[in-house]
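A look at the structure
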Amino acid sequence: MKKILLTLSAIATLGFAANAQTEKGKFLLGGQISYEGTSIKDSDDKFNSFSILPAAGYFVADNIAVGTAIGYGWSQSEEVDLKNTESTFILAPFGRMYANNYGPVKFFGQLSVPMAWGSLEANDEKQASVASYGVELAPGIAYFPTSNIGLEFKVRGLYFNNSSVTDEATDVKETVNSYGLNVNSLAPTVGVTFHF
């Protein structure tokens with residue numbers, strides 16, 4: 001009987017701890033860091049990219065958080081006599097809603113508006129200005145193993161993005177729209193958030 005009471009007490013404590021982390025007035029911290037590199041064997045051609053995007057949010061109501069991510073993105077491709085470099089400032093405000101359930105596991109949906117502005121250089125000379133505006137609706141699941149840490153699994157979901165490149169010399173603007181639905185449960189993004 002003692003073991004059953006201890007087990008029920010532990011489950012209730014875990015449930016309260018997970019629910020307490022999404023209460024009004026709490027904060028969440030997280031973010032994203034990525035690096036990718038590609039090189040071609042027997043060639044000088046290569047590609048590298050890096051981005052860092054810390055994020056912070058505030059629970060304006062139980063299970064509803066708003067916040068933003070602010071960061072930097074950089075990519076560079078090198079061929080025989082050409083080096084293209086793109087650097088961008090990134091801003092991504094978001095709203096997140098958790099399911100109103102008890103226990104250490106919570107489903108959530110996140111609406112974000114990623115934006116980026118920067119420049120494109122060829123051999124260290126500015127060639128164009130770049131801008132990007134988008135909207136994403138992403139589902140996910142969070143597991144709270146402790147009262148301050150959430151382990152998250154999220155897919156990209158439904159998205160739309162408008163990107164433009166404006167040539168510095170001619171002022172000609174090229175715009176590309178991309179959209180889709182990406183719900184690959186076998187390749188989610190995995191993250192850690194801190195709640196306090």
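Residues numbered from 1 in each chain as written. Predicted model: local features only at pLDDT ≥ 70, side-chain atom pairs only at ≥ 80, totals over all residues. Heavy atoms only, no water.

**Section: the overall build of the chain**
Looking only at helices and strands, the chain has one helix and eleven strands in total. Counting from the amino terminus, the chain carries its helices and strands in the arrangement α-β-β-β-β-β-β-β-β-β-β-β. Looking at the 196 residues of the chain, the share that counts as buried comes to 30%. (Helix = DSSP H or I, 4+ residues; strand = E, 2+ residues; numbered from the N terminus. Buried < 20%, exposed > 50% of the residue type's maximum accessible area, 1.4 Å probe, protein only.)

**What about the environment of A61?**
Inspection of the secondary structure puts A61 in strand 2 (residues 46–61). Assessed through its relative accessible area of 26%, A61 is described here as partly exposed. In the structure, A61 is positioned 36 residues away from M97 in sequence and 9.6 Å away in space, judged by C-alpha atoms. A61 has contacts with T22, E23 and K24, leaving out every residue within four places of it along the chain. (Contact = heavy atoms within 4.5 Å.)

**What about the pairing of strand 9 (residues 157–167)?**
Sheet topology places strand 7 (residues 125–143) next to strand 9; ten bridges connect them, and they run antiparallel. Considered in strand 9, the bridge of A131 is made with S164. In textbook terms, the turn of a hairpin is the stretch between consecutive antiparallel strands, and for strand 9 and strand 10 (residues 173–182) this stretch comprises five residues, one of which, D171, has a positive phi near 60°. (Pairing = 2+ DSSP bridges.)

**Focus: the pattern of salt bridges**
Evaluated as defined, the whole model comprises four salt bridges. With its nearest N and O atoms 3.8 Å apart, the salt bridge here joins E168 to K126. Placement of the pair is E168 in the loop between strand 9 and strand 10 and K126 in strand 7, with a sequence separation of 42 residues. Take E168: its relative accessible area is 41%, and that puts it in the partly exposed class. Take K126: its relative accessible area is 44%, and that puts it in the partly exposed class. One salt bridge connects R156 with E136, and the closest N-O pair in it is separated by 3.3 Å. Here R156, found in the loop between strand 8 (149–154) and strand 9, pairs with E136, found in strand 7; they are 20 residues apart in sequence, far enough to count as distant. What makes R156 partly exposed here is its relative accessible area of 36%. (Salt bridge = Lys/Arg side-chain N within 4 Å of Asp/Glu carboxyl O.)

**Re the pairing of strand 2**
Relative to strand 2, strand 1 (residues 27–39) runs antiparallel, the two sharing 13 bridges. When the bridges of strand 2 are listed, Q32 appears paired with L53. Between strand 1 and strand 2, which pair antiparallel in sequence order, lie six residues; one of them, D42, sits at a positive phi of approximately 60°. Pairing of strand 2 with strand 3 (residues 64–78) involves 13 bridges; the strand directions are antiparallel. Following the sheet pairing, A55 is matched in strand 3 by A69. Hairpin remark: strand 2 followed by strand 3, antiparallel, with two residues in the connecting loop; positive phi at N63, about 70°.

**Description of the packing of aromatic side chains**
Following the criterion strictly, the structure yields six aromatic pairs and no others. On the basis of an interplanar angle of 50° and a centroid distance of 5.5 Å, the ring pair of Y98 and F108 is categorised as tilted. With Y98 in strand 4 (residues 83–98) and F108 in strand 5 (residues 105–112), this residue pair connects regions lying ten residues apart in the sequence. A residue is classified by how much of its surface remains accessible, and Y98, at 3% relative accessible area, is buried. Using a relative accessible area of 5% as the deciding quantity, one classes F108 as buried. Members of the aromatic cluster, each reached through a chain of ring pairs, are F27, Y58 and F196. (Phe/Tyr/Trp six-rings, centres within 6.5 Å; stacked < 30°, edge-to-face > 60°.)

**Some points on the confidence of the model for the chain**
For the chain, the average pLDDT comes to 88, and 90% of its residues sit at 70 or higher. Note on residues 1–18: pLDDT under 50 across the span, and nine contacts to partners over four residues away in sequence or across chains. (pLDDT = per-residue confidence, 0-100.)

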